[in-house]
Amino acid sequence: MLEILTGTGLAAAAGLNAYIPLLALGLAARFLDVVSLPSGWAWLENEWVLGIVAVLLVIEFVADKIPAVDTVNDWIQTLVRPASGGLVFGSGSSAETVAVTDPAEFFASDSWVPIAVGALLALGVHLIKMSVRPVLNAVTAGIAAPVVSAAEDVASVLLAFLGLVVPILVVIAVPALIVVAVLGVRALRRRRAGRTVATRVA
């Protein structure tokens, strides 16, 4: 059960930022005792993999804080974040394979299930994030984009940390994140609608 919560926290974190949970999982497996990766996932703690993920994280960190560029980045990340979510959920829930040498055996053994679950979780969080950004940029003329992006990064770090260290709290953190996002979208849309009406009246 705890392994599933770990995977859930990491996958949700991937929906906000694809590279934070990958880096957190790899570093934790390499340098700490909080997680031990199955043999099929050991490549995640390879120093070259960690270096590449760190570079991609820096690029994502900058791009996601620039208005308009963040929207383009979100479209690109529609493939990357679910893929990352599948990887971290699969490894976090102790799935034994990522290098598929026999596709028929892979699907027959249900090894693909945790990867698919993680990908769907990350995709759901990503779609919420993706729906918020254009509205936010329109309402604030892009001013709030870096602030919200930084908050998303903090949330991703927090979810990854909870997933690895205190997975039971993921039960609270993930629903809370979704509720905050939904309420935020509704508030922004109401504010935008109010401005539109005020402009028409004027």
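Computed from a predicted structure; not experimentally measured.

**Re the overall build of the protein**
Phase 1 of the analysis: Along its length, the protein carries 8 helices and 0 strands.
Phase 2 of the analysis: Ordered by position from N to C terminus, the α and β elements of the protein give α-α-α-α-α-α-α-α.
Phase 3 of the analysis: Burial status across the protein gives 44% buried among its 202 residues.
Phase 4 of the analysis: The long-range fraction of contacts in the protein, counting pairs at least 24 apart against all pairs at least 6 apart in sequence, stands at 74%.

**Here's the deal with the confidence of the model for the protein**
Phase 1 of the analysis: Per-residue confidence for the protein gives a mean pLDDT of 80; residues scoring 70 or more make up 80%.
Phase 2 of the analysis: Put simply, helix α5 (residues 103–108) is where the protein has its lowest mean pLDDT, 48, and helix α3 (residues 47–63) is where it has its highest, 94.
Phase 3 of the analysis: Low pLDDT, under 50, characterises residues 95–104; the predicted model gives this stretch 17 contacts beyond four residues in sequence or across chains.

**Observations regarding the packing of helix α2 (residues 19–31) against helix α7 (residues 145–165)**
Phase 1 of the analysis: Between α2 and α7, the least distance of the axes is 9 Å, while the angle of their chain directions is 35 degrees. Considering only the axes of α2 and α7, their crossing is right-handed. Of α7, the residues touching α2 (which contributes Ile20, Pro21, Ala24, Leu25 and Ala28) are Asp153, Ser156, Val157, Ala160 and Leu164.
Phase 2 of the analysis: For the contact of α2 with α7, the residue count by class is 8 nonpolar, 1 polar and 1 charged.

**Points about α3**
Phase 1 of the analysis: The end-to-end C-alpha distance of α3, which contains 17 residues, comes to 24 Å, matching closely the 24 Å that a straight helix rising 1.5 Å per residue would cover.
Phase 2 of the analysis: Buried within α3 are the following residues: Leu50, Val53, Leu57, Glu60 and Ala63. Considered in projection along α3, the buried side chains sweep an arc of 145 degrees and stay on one side of the axis. Exposed residues lying more than 90 degrees from the buried face of α3 are Glu47, Trp48, Ile52, Val58 and Ile59.
Phase 3 of the analysis: The residue sitting at the N-terminus of α3 and contributing the capping side-chain oxygen is Asn46; that oxygen lies 2.7 Å from the backbone nitrogen of Trp48.

**Some remarks on unusual backbone geometry**
Phase 1 of the analysis: Residue Ala68 is not a glycine yet carries a positive backbone phi of 75 degrees.
Phase 2 of the analysis: Inspection of the secondary structure puts Ala68 in the loop between α3 and α4 (69–92).
Phase 3 of the analysis: On the basis of relative accessibility, which here comes to 52%, the residue Ala68 falls in the exposed class.

**Looking at α2**
Phase 1 of the analysis: In this model, α2 (13 residues) spans 18 Å end to end at C-alpha, consistent with the 18 Å of a helix rising 1.5 Å per residue.
Phase 2 of the analysis: Within α2 the residues assigned to the buried category are Tyr19, Ile20, Pro21, Leu22, Leu23, Leu25, Gly26, Ala28 and Ala29.

**Quick look at the nonpolar core**
Nonpolar side chains tend toward joint burial in soluble globular proteins.
Phase 1 of the analysis: If you look at the biggest cluster of nonpolar residues, it comprises 31 residues, and the most contacted ones within it are Leu25, Val35, Leu37 and Leu159.
Phase 2 of the analysis: Among the secondary structure elements, those contributing two or more residues to this core are α1 (2–16), α2, α3, α6 (112–140), α7 and α8 (170–201).

**Some points on the pattern of salt bridges**
Phase 1 of the analysis: Per the counting criterion, the structure on display carries 9 salt bridges.
Phase 2 of the analysis: Across the pair Arg81 and Glu60 runs a salt bridge whose closest N-O atoms are separated by 2.7 Å. A residue pair is termed long-range when its members are at least 10 positions apart, and Arg81 in helix α4 and Glu60 in helix α3 qualify at 21 residues.
Phase 3 of the analysis: On the accessibility criterion, Glu60 (3% relative accessible area) is buried.

**A word on a nonpolar patch on the surface**
Phase 1 of the analysis: A surface patch of nonpolar side chains, amounting to about 410 Å² of accessible area, comprises Val58, Phe61, Val62, Ile66 and Val69.
Phase 2 of the analysis: A per-element tally of the nonpolar patch places α3 first, with 3 residues.
Phase 3 of the analysis: Its place among the elements puts Phe61 in helix α3.

**Digging into the side chain of Asn137**
Phase 1 of the analysis: Along the chain, Asn137 turns up in helix α6.
Phase 2 of the analysis: Within the local environment of Asn137, its side chain forms a polar contact with the side chain of Asp70, the two groups lying 3.3 Å apart.
Phase 3 of the analysis: Sequence-distant contacts of Asn137, defined by excluding residues within four places in its chain, comprise Pro67, Ala68, Asp70, Thr71, Gly142 and Ala145.

Cut-offs applied
- Residues numbered from 1 in each chain as written.
- Predicted model: local features only at pLDDT ≥ 70, side-chain atom pairs only at ≥ 80, totals over all residues.
- Heavy atoms only, no water.
- Helix = DSSP H or I, 4+ residues; strand = E, 2+ residues; numbered from the N terminus.
- Buried < 20%, exposed > 50% of the residue type's maximum accessible area, 1.4 Å probe, protein only.
- Contact = heavy atoms within 4.5 Å.
- pLDDT = per-residue confidence, 0-100.
- Axes fitted to C-alpha atoms, helices over the stretch in contact; angles between N-to-C directions.
- Left-handed = near helix turned anticlockwise from the far one by under 90°.
- Nonpolar A, V, L, I, M, F, W, Y, C, P; charged D, E, K, R; others polar.
- Expected span 1.5 Å × (residues − 1).
- Arc of directions from axis to C-beta.
- Polar contact = N/O pair within 3.5 Å; in protein donor to acceptor, adjacent residues only side chain to side chain.
- Core = buried A, V, L, I, M, F, W, Y, C linked by side-chain atoms within 4.5 Å.
- Salt bridge = Lys/Arg side-chain N within 4 Å of Asp/Glu carboxyl O.
- Patch = residues over 30% accessible without salt bridge, like charges linked within 9 Å, V, L, I, M, F, W, Y side chains within 5 Å.
- Areas by Shrake-Rupley, 256 points an atom, 1.4 Å probe, with all protein chains shown as cover.

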